[in-house]
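Fold and geometry: a report
Spelled out, the chains give:
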Amino acid sequence: MNMYEPIKETVYEIQNIKLDRYHISLNEVLFHNANGYIGVRYDFEEGYPEEFCFVPSQYINGFYDLTPMKQAENLFGLVKEKQTMLNIADTQTIKLFLGDEQFSMFSGTVLNSKLRVDMEKGITVREVHWRSPKGKEVQLTITRMTSFYQLSLFTIQYEVLPLNFSGEIRFESSHNGNVVNYVDPEDPRMACEWLRYLRPISCEIKDGASFITSATSRSGLEVCSCVKNILSQDHQQEFDIGDHLTTCKLKTKAKKGKKIELIKYAVFCDTIRAKDARKKAELEIKKALSVPLDYFYQKQKEYLDAYWHNCRVEIDGDPESNLSLRYSLYQLIQAVGKDRFCNVAPKGLSGDGYEGQYFWDTETYIQPFLIITNPDLAKTLLEYRYATLDLARENARIMGHSKGALYPWRTISGRECSGYFPSGSAQYHINGDIAYAIVAYYLATKDLNFMLEKGAEIIWETARLWLDTGNYNQGKFHINDVTGPDEYTCIVNNNYYTNAVAQYNLQWAVKIYELLQSSKGFKALVEKINLKEEEIQEFARAAANMYLPYDEKLKINPQDDSFLQKRKWNLDSIPKEKFPLLLHYHPLHLYRHQICKQADTVMAHFILEDIADPETIYNSFHYYEKITTHDSSLSYCIFSIVAARLGLVEKAYDYYQITANLDLQDKHRNTEDGIHVANMGGNYMAIVYGFGGFRLKEQGISLAPVLPAKWKGYSFKFCYEGSRIAMEVKPDHCLLKLEKGKPKHIKVYGQSYLLEDTLYISRPSQGMNVAHTEQTQE
């Protein structure tokens, strides 16, 4: 294995495309195109039979409308409306006619078909060899791209090769602004309201391009999409304009053996980012048409070359896992928002699941990846949190707090969208999660300017919230009536995870204050938010006296004060068809049992391992393993990481296999609603933070690699304080190389080294002691 060889397993492909409803829905997601700004589900350009009722969907990250949210009782502070990501237009439709015969995967004979995503080139390609009912044969190659170079741009390159005939060919390329969102009233993770969010403003043709402008019904936003079709040879062209719908009809002569190419350019603009979406769309389409399509393909590859160069991970001896990992990393760069107006939705831009709202997923599962591979993108995502800080302050007042900021559990614009507060708004740990990510960004970059301009203000305001939420009892600081990550246990006192991240948040509020005191602008910043020295002292006092539940008998950290009092529920006794439990059991029934939806205390033992001793982490892991359903996709990777940390390498491997294939094998049977983006971040973390033992702490960076028996080795890269380091793990040794930047101090298996060029380090035998060495020596 050589980190400087071309990357492996860069294409995910299926052959003989299945045409049942399930596989079409699954492939809509697995082969979607996105660039962090726009996302397009993979719907066949020619469409489907009417009975299939598919909804071709295209999205803009951060673009939303408001939907009324009915509450059974109109109590103060409950959410009255929510933000919903919108299906903005359909620019995918292209109908092909061979004379009087229309191409369809559901008629004639599909002689061969393939669908692939090329993760080096950043394109999706469908190839179809089709014979019409009258015997005409064509080879179709359809290439799609959402451009990383020009974020507004989506292209379809539609190539037709007549194999056994010459004659007339027609294209009907549509641009449709009459779109709705997909809903599922039976699934609480999906929207359930059939609403038409967009109303038409204008539909026009200018210089052979169609422009459709729409306005949202309640949020006051506008979106404009523009489409231009270019055919490679002489043709006749005409437009039909209907109700917010345009169809460009192109007629030409086909010659046997000669390829015909149609390129469909589509751009999307919104008034969150531009004052006038229609004018911006005109500028964007001119930019797109000013250079050949091959130029955009080249720029796409250059962007991804740089991306893979920084975040490359290779598994030696397991091509399937390597492909799954590559796919996960590709989906992450497709999903991550590229400006301060948006973030990362749980389904990325691949589906309507969770209505495109942002959760804690970004800070806890995606930022640990970006911070050490692409810190500029990590910073952009943090800037979104800063941009919504005033709304977090407003949310805190709604929730009864006189000081501080409380970030919403789920949001797009910055306002709370949680309809069910016990498992939504009560998850105050979102504050600690965001603070944790800001600190991690600082530790990896030492970017004090960002801390002074934005980061510190967030950390201080979130710290204020903890002081206003908690209280002292018998000398200990308690945080009551909150919900931790486990949504099967809600509204509890002293959730271990919440108290742990609150303590960390408070500690760093003090440290950042001390770090910035000598900085220019510090005085103006503390005056801006009226931060007093007395508050800093209170932060330190609360952190020092934070109550962290511990059970002397079991020698574990209980999930909360009452968790161990509850009855146990043997997971093996629950019928398989009753999972996930949230769809089959009343919430109160779940709350009354020792049963976990996902890693909670175990999550805390990963991100804040130093506040518990190794024995407690070991005991807690085994205790919660028996009662965790993993109904959340966020769970497997955390159990894998902590198992590796404990030296349980093969158990870690087993959890990792589920993580790696969650979407490609549709393990949760809901991938059709969208990919599980946070799990894909977890896929990376399971390798680097799990098997690699990578830790980023105030003392510096450290590693303690372990190797699953089924792998020959693995390698990865990470960035730290402007330097890039490559790590290669083999059965008997590990190798570190400084690829760029200044020499760095680094710990490996608890021993300190100065990495100036290359380090060759022998690997000790695997086991718990090896995994614990770093902590016990620090």
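Values in this document were obtained by computation on a predicted structure and should not be read as measured data.

Summarising the model, the protein chain shows a mean pLDDT of 95, and 96% of its residues fall at 70 or more. For the stretch residues 769-778, pLDDT sits under 50, and the model shows 33 contacts to residues farther than four places along the chain or on other chains.

What follows is about the packing of aromatic side chains. Under the defined criterion, the tally for this structure stands at 46 aromatic pairs. Where Phe-606 meets Tyr-689, the ring centres are 6.0 Å apart and the plane angle is 85°; that geometry is what we call edge-to-face. Taken as a pair, Phe-606 in helix H14 (residues 601-607) and Tyr-689 in helix H18 (residues 677-691) lie far apart in primary sequence, 83 residues in all. One exposure class covers both Phe-606 and Tyr-689, and it is buried. A ring pair is formed by Phe-716 and Phe-718, whose centres lie 6.2 Å apart and whose planes are at 40°; its orientation type is tilted. Given a relative accessible area of 0%, Phe-716 falls into the buried group. Exposure remark for Phe-718: the relative accessible area of 0% places this residue in the buried category. Ring pairing ties together the aromatic residues Phe-606, Tyr-653, Tyr-656, Tyr-689, Phe-691, Phe-694, Trp-711, Tyr-714, Phe-716 and Phe-718, which thus form one cluster. Just above the ring of Phe-211 sits the side chain of Arg-278; from NZ or CZ to the centre is 3.7 Å.

Within the element layout of this structure, Asp-118 appears in strand E9 (residues 109-118). A distance of 3.0 Å separates a polar atom in the side chain of Asp-118 from the backbone nitrogen of Glu-120.

The subject of this paragraph is the environment of Leu-391. Assignment of secondary structure puts Leu-391 in helix H7 (residues 389-398). Residues Leu-391 and Ile-641 lie 250 residues apart in sequence; the distance between their C-alpha atoms is 34 Å. If we skip the residues at most four places from it in the chain, Leu-391 touches Ser-413, Gly-414 and Arg-415.

So, about the sheet that holds strand E2 (residues 33-34). Read across the open sheet, the three strands follow the order E2-E3-E4; overall the sheet is antiparallel. Lying at the two open borders of the sheet, with one neighbouring strand each, are E2 and strand E4 (58-60). Looking at chain direction, strand E3 (residues 38-40) and E4 are connected through three bridges and run antiparallel. Note on E4: the bridge partner recorded for Gly-39 is Tyr-59.

The next thing to look at is the nonpolar core. The biggest cluster of nonpolar side chains holds 220 residues, and the ones touching the most others in it are Phe-171, Trp-460, Ile-638 and Phe-691. Sequence-distant contacts of Phe-171, that is, excluding residues within four places in its chain, are made with Ile-94, Lys-95, Leu-96, Tyr-158, Val-160, Leu-231, Cys-248, Lys-249, Leu-250, Ile-260 and Leu-262. In terms of nonpolar packing, the next biggest core, distinct from the first, is built from 19 residues, Val-125, Met-145, Leu-153 and Leu-293 among them.

Spatially, E1-E9-E10-E11-E12-E19-E16-E15-E14 is the arrangement adopted by the nine strands of the open sheet, whose pairing is antiparallel. Two strands bound the open sheet, and with one partner strand each, they are strand E1 (11-15) and strand E14 (198-206). On average, each strand axis in the sheet is tilted by 15° relative to the strand beside it, whichever way the strands run. Examined bridge by bridge, E9 and strand E10 (residues 123-131) share nine bridges and lie antiparallel to one another. Bridge assignment links Lys-114 to a residue of E10, and that residue is Glu-127.

Calculation notes
- Residues numbered from 1 in each chain as written.
- Predicted model: local features only at pLDDT ≥ 70, side-chain atom pairs only at ≥ 80, totals over all residues.
- Heavy atoms only, no water.
- pLDDT = per-residue confidence, 0-100.
- Contact = heavy atoms within 4.5 Å.
- Phe/Tyr/Trp six-rings, centres within 6.5 Å; stacked < 30°, edge-to-face > 60°.
- Helix = DSSP H or I, 4+ residues; strand = E, 2+ residues; numbered from the N terminus.
- Buried < 20%, exposed > 50% of the residue type's maximum accessible area, 1.4 Å probe, protein only.
- Lys NZ or Arg CZ within 6 Å of the ring centre and 35° of its normal.
- Polar contact = N/O pair within 3.5 Å; in protein donor to acceptor, adjacent residues only side chain to side chain.
- Pairing = 2+ DSSP bridges.
- Core = buried A, V, L, I, M, F, W, Y, C linked by side-chain atoms within 4.5 Å.
- Axes fitted to C-alpha atoms, helices over the stretch in contact; angles between N-to-C directions.

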